[in-house]
Amino acid sequence: GRRPLSTPSLRPDFVEILGERYATDPITNVTPSILSKVPIRLHTQPSHPLNTLRTLIESNFPDFSHLSSFSPVVSPFKNFDELSFPKDHPGRSLTDSYYVNKDLMLRTHTSAHEVEVFREGQTQWLLTADVYRRDEIDGSHYPVFHQMEGARIFEATTQGMKEVEEDNFRLERDLARSNIVIDDIPNLSATNPVQDVHDPVHSELVARNLKLSLNTLMLRLFGGASSKENPLRVRWIEAYFPFTSPSFEVEVFFNGKWLEILGCGVVNQATLDTAGVQGQIGWAFGLGLERIAMVLFGIPDIRLFWSQDQRFLSQFSQGAITTFKSYSKYPACFKDVSFWLPQATNLHENDFCDLVRDAAGDLVEDVKKLDDFVHPKTNRQSLCYRINYRSMDRSLSNEEVNDIQKQVIEKLKTQFGVEIR
Ligand code: FA5
Ligand code: MG
């Protein structure tokens, strides 16, 4: 079989994250470009659109704890095992996630903190954080993005369920008075089952509370321009997550398109058990802040969130949703690179993208694979990628782009032993 490449000689002995040193090992795949983003915490930067969006959502849940200071360095156990991810889940792989070493990784989702927050005794909380996933490069994917986790638990008793019913009644009444059309699905089904340990009546009430709470949030975020003639449209879709059942996704119709906003569900009882929480049942959701902020603020490219340019930053003030006015788009510069891989080796697309990000930073707009074939005689694989360089802030000179492209080629040769064609 084909083996992945590794480059032990190029690896530093340790990496530093938020003032802590971590020893590296053959698993380490965090890059300098990724680590440089860790201290920034855009969701806490004054006047940043992600901060405004966070506070807007928090204001919709005034009685919840609002948490946002958890370190991104977590164990794979916390990110996956504690949440009942199977051992062979693809999210665990080195090509999909960033590992500091074999024992620690950068969280891939805010759900990684569910157990510890429930263990603290929190019963209704929101948690906002930067999350990290290895991915392709284009205008809507970035290896660092921001999520908000929300959860609420109730006493699994007649009295507790009465409170859920009262809350549901209140939420339902308010929604009935507003301009929202909800494309709903059943709270439980054969393919989206209630957990064995749950009373189906309790699960039904909690799922209903989840849906009503989130429909109310969608109205708060997207309902500004809604009217009787032009109501906000929300649709519920059956989903699967290892740590919730039943599970759902929410989509909102905005600017002529269905937009995936979040995943959610009734919390696996195993999660609460692990956290030492007894006699409770609850819901959780996880939403992506960039996706929402891009449509609410009219931000066309996900890289802009990281811009230090005053023409970007000065357009926003804390608490206000305003439409971004694009400053002129600078010219794109395409460069192709074709190469042979050493025999019987593999280069994952995400490895290539991280290498390009390390050379180019945010000057890379997107990366596309143009060609991929295996030579029938030598069995060597040939790849061709097209890199689109474009700055959001200025025109790039030819020399500058050539220089970055040279670095890409150098890195390809030293890290992956390729032969340029
Ligand atoms: C999760 O991350 C789950 N932890 C969500 C969850 C929480 C489910 C609690 C149940 C209970 P998912 O990978 O689908 O699920 O991501 C959740 C949201 O994050 C998506 O709906 C999307 O809004 C956002 N998101 C996911 N991937 C990206 C990405 N590459 N770039 C920007 N936003 C993303
Ligand atoms: Mg999803």
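Here the structure is a predicted model, which means the values were calculated and not measured. (Residues numbered from 1 in each chain as written. Chains lettered and ligands numbered in written order. Predicted model: local features only at pLDDT ≥ 70, side-chain atom pairs only at ≥ 80, totals over all residues.)

## A short note on the overall build of the chain
Item 1. For the chain, the helix and strand inventory stands at 11 helices and 19 strands.
Item 2. In terms of overall dimensions, the chain is globule-like: its C-alpha atoms have a radius of gyration of 23 Å, near the 22 Å expected for 421 residues.
Item 3. Here the chain, with 421 residues, has 36% of them falling under the buried criterion.
Item 4. When contacts within the chain are restricted to residue pairs at least 6 apart in sequence, long-range pairs at least 24 apart make up 70% of them. (Helix = DSSP H or I, 4+ residues; strand = E, 2+ residues; numbered from the N terminus. Rg over C-alpha atoms; globule rule 2.2 N^0.38 Å. Buried ≥ 20, exposed ≤ 12 C-beta atoms within 10 Å, placed from the backbone. Contact = placed C-beta atoms within 7 Å.)

## Remarks on the pairing of strand S17 (residues 364-374)
Item 1. Relative to strand S18 (residues 381-389), S17 runs antiparallel, the two sharing nine bridges. Across the sheet, the residue bridging to phenylalanine 373 is serine 382, located in S18. (Pairing = 2+ DSSP bridges.)

## Examining the sheet that holds strand S7 (residues 104-106)
Item 1. With antiparallel pairing, three strands are arranged side by side in an open sheet as S5-S7-S6. Looking at strand neighbours, the two that pair on one side only are strand S5 (73-74) and strand S6 (99-101), the edges of this open sheet.
Item 2. Direction of pairing for S6 relative to S7: antiparallel, over a ladder of two bridges. Looking across to S7, one finds that tyrosine 99 is bridged to methionine 105.

## Topic: the domain arrangement of the chain
Item 1. Under the domain assignment used here, the chain contains domain 1 (32-313) and domain 2 (328-420).
Item 2. Here domain 1 and domain 2 have C-alpha centroids that lie 34 Å from each other.
Item 3. On the side of domain 2, 15 residues touch domain 1, which itself brings 15 residues to the contact.
Item 4. A breakdown of the residues in the side of domain 1 that touches domain 2 according to their chemical character gives four nonpolar, four polar and seven charged. (Domains from an automatic or database assignment. Nonpolar A, V, L, I, M, F, W, Y, C, P; charged D, E, K, R; others polar.)

## Topic: the site of ligand 1
Item 1. Within the structure, ligand 1 sits among 23 residues, and His109, Ser111, Gly263, Gly286 and Gly288 are positioned closest to it.
Item 2. Those elements that place two or more of their residues in the shell around ligand 1 are strand S9 (144-155), strand S13 (257-267), strand S14 (280-288) and helix H8 (289-297).
Item 3. The leading source of residues in the shell around ligand 1 is S13, at six residues.
Item 4. Here the residues of the shell around ligand 1 are counted per class, giving eight nonpolar, nine polar and six charged. (Near = placed C-beta within 6 Å.)

## Quick notes on the nonpolar core
Item 1. Among the nonpolar cores identified, the biggest contains 70 residues, and Val206, Met218, Cys264, Trp283, Ile292 and Ala293 are the most heavily contacted of them.
Item 2. By residue number, the principal contributor to this core is helix H6 (residues 200-222), which donates 10 residues. (Core = buried A, V, L, I, M, F, W, Y, C linked by C-beta atoms within 7 Å.)

## Focus on helix H2 (residues 49-60)
Item 1. The end-to-end C-alpha distance of H2, which contains 12 residues, comes to 17 Å, matching closely the 16 Å that a straight helix rising 1.5 Å per residue would cover.
Item 2. Those residues of H2 not exposed but buried are Pro49, Leu50, Asn51, Thr52, Leu53, Arg54 and Ile57.
Item 3. Considering only its buried residues, H2 is in contact with strand S8 (124-132), S9, H6 and H8. (Expected span 1.5 Å × (residues − 1).)

## What about the sheet that holds S13?
Item 1. Spatial ordering of the open sheet is given by S4-S8-S9-S14-S13-S12-S11-S10, a layout of eight strands whose pairing is mixed. On the outer flanks of this sheet lie strand S4 (65-67) and strand S10 (180-183), each paired with one strand and no other. Across the sheet, the mean angle separating the axes of adjacent strands is 25° when strand polarity is ignored.
Item 2. Bridge count between S10 and strand S11 (residues 232-241): four bridges; the pairing is parallel. Following the sheet pairing, valine 181 is matched in S11 by arginine 233.
Item 3. Of the strands in this sheet, S9, S10, S11, strand S12 (244-254), S13 and S14 touch H6, which is tilted by about 30° from S14. (Axes fitted to C-alpha atoms, helices over the stretch in contact; angles between N-to-C directions.)

## Notes on the packing of helix H10 (residues 349-360) against helix H11 (residues 398-416)
Helices that pack against each other are described as a pair by the angle of their axes relative to one another and the distance between those axes.
Item 1. In contact at an axis separation of 9 Å, H10 and H11 are set at 135° when each is read in the N-to-C sense. In this view, H10 runs oblique relative to H11, as classed from their interaxial angle. For the element pair H10 and H11, the recorded crossing hand is right-handed. Facing Leu355, Val356, Asp358, Ala359 and Ala360 of H10, the residues of H11 in contact are Ile404, Gln407, Val408, Lys411, Leu412 and Gln415. (Parallel < 35°, antiparallel > 145°, perpendicular 65-115°, else oblique. Left-handed = near helix turned anticlockwise from the far one by under 90°.)

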